[in-house]
Amino acid sequence: MDNIVDSDQIWKVASISGHRSIGPNSKKRVWDAVQLLVDNSTIKSIYFGGARGTDTEALKAALYHRKGLFPRLIVVLPNTIEQQPVDTHQWTRRADDLVELKQVITSEDGYLSYRRRNEYLVDRGTFLVAFFNGNFKSGTGQAISYAEKSGKTVYRISISSA
């Protein structure tokens, strides 16, 4: 009976946001947190941003710790995989699903494509796990603000580049 999912089960979807520059201690925090997410049987899917740093490290950890088909691992890119850093491709392609928003990445609009990608992640998640260095002007800071305005729960995990 322990393996049967209760019909009243509330499924959850996690979204992950984090900085591109993370140090060794912070990588361990990412791996530990992602293992908790993957091991939680109520989590149906996890959304990742597909960038270098936290996004890719979290996806690696999820792929390593996941046993079976759940949670589904979904990478959301602001443009296409061809526009992503080459060193992220091998991990992105191992996700269960890839969403390419096909937004042009440009500084002229203040990198609106990244903000739209983060909003997409937050909108689809039940909650946000933010690996955060305290900079609210960053994409992760903006994702936290957007999630809180949207009424989503935000779990902040402190990280640094050291």
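The rules behind each value
Residues numbered from 1 in each chain as written. Predicted model: local features only at pLDDT ≥ 70, side-chain atom pairs only at ≥ 80, totals over all residues. Heavy atoms only, no water. Helix = DSSP H or I, 4+ residues; strand = E, 2+ residues; numbered from the N terminus. Polar contact = N/O pair within 3.5 Å; in protein donor to acceptor, adjacent residues only side chain to side chain. Contact = heavy atoms within 4.5 Å. Buried < 20%, exposed > 50% of the residue type's maximum accessible area, 1.4 Å probe, protein only. 1 Å grid on protein atoms, 1.4 Å probe; cavity = no way out; pocket = protein on both sides within 12 Å on 5 of 7 lines; lining within 4 Å. Points joined across faces, edges and corners; volume = space filled by probe spheres on them. Nonpolar A, V, L, I, M, F, W, Y, C, P; charged D, E, K, R; others polar. Axes fitted to C-alpha atoms, helices over the stretch in contact; angles between N-to-C directions. Parallel < 35°, antiparallel > 145°, perpendicular 65-115°, else oblique. Left-handed = near helix turned anticlockwise from the far one by under 90°. Pairing = 2+ DSSP bridges.

Draft legend 1. Quick peek at the side chain of Glu57. Mapping Glu57 onto the fold places it in helix 2 (residues 54–65). Among the polar contacts listed, one links the side chain of Glu57 to the side chain of Trp31, at a separation of 2.7 Å. The contact partners of Glu57, leaving out residues within four places of it in the chain, are Ile22, Lys27, Val30 and Trp31.

Draft legend 2. Layout of the environment of Ser17. Tracing the sequence through the fold places Ser17 in strand 1 (residues 12–18). The buried category is assigned to Ser17, whose relative accessible area is 5%. In the structure, Ser17 is positioned 126 residues away from Ala143 in sequence and 7.2 Å away in space, judged by C-alpha atoms. In contact with Ser17, not counting residues within four places along its chain, are Thr54, Asp55, Leu128, Val129, Ala130, Phe131, Thr140 and Ala143.

Draft legend 3. Structural view of the layout of surface pockets. Its volume calculated, the largest pocket comes out at about 290 Å³. Surrounding the largest pocket, 17 residues form its lining, Arg20, Arg117, Asn118, Gly139 and Thr140 being those nearest its centre. Of all the secondary-structure elements, those providing two or more residues to the lining of the largest pocket are strand 1, helix 4 (112–124) and helix 5 (139–149). Looking at which element gives the most residues to the lining of the largest pocket, the answer is helix 4, with four residues. Within the lining of the largest pocket, the residues separate by chemical class into three nonpolar, nine polar and five charged. Counted as a void, the second largest pocket has a volume near 170 Å³. Every residue lining the second largest pocket is listed: Lys12, Ala33, Leu36, Leu37, Asn40, Ile43, Phe127, Val129, Tyr155 and Ile157. At the level of elements, helix 1 (24–39), strand 5 (127–132) and strand 6 (153–158) are the ones that each hand at least two residues to the lining of the second largest pocket.

Draft legend 4. Just the packing of helix 1 against helix 2, in detail. For the pair helix 1 and helix 2, interaxial distance at closest approach is 9 Å and the crossing angle is 45 degrees. One finds that helix 1 runs oblique with respect to helix 2. In terms of crossing hand, the pair formed by helix 1 and helix 2 is right-handed. Side by side, helix 1 and helix 2 meet where Lys27, Val30, Trp31, Val34, Gln35 and Val38 of the first sit next to Thr54, Glu57, Ala58, Lys60, Ala61, Ala62, Tyr64 and His65 of the second. Tallied by class, residues from the contact of helix 1 with helix 2 come to eight nonpolar, three polar and three charged.

Draft legend 5. Broad picture of the sheet that holds strand 1. With parallel pairing, six strands are arranged side by side in an open sheet as 4-3-2-1-5-6. The open sheet is flanked by strand 4 (97–100) and strand 6, the only strands paired with a single partner. Averaged over all pairs of adjacent strands, the angle between strand axes in this sheet comes to 20 degrees, irrespective of strand direction. Looking at chain direction, strand 2 (residues 43–48) and strand 3 (residues 72–77) are connected through four bridges and run parallel.

Draft legend 6. Unusual backbone geometry, seen in detail. Of note, the amide linkage connecting Phe70 to Pro71 takes the cis form, showing an omega dihedral of 0 degrees. Relative to the assigned elements, Pro71 resides in the loop between helix 2 and strand 3. Although it is not a glycine, Lys102 adopts a positive phi angle of roughly 55 degrees. Among the residues examined, Lys102 registers a relative accessible area of 58% and is labelled exposed. Despite not being glycine, Tyr111 shows a phi value in the positive range, around 60 degrees. Position of Tyr111 relative to the elements: it lies in the loop between strand 4 and helix 4.

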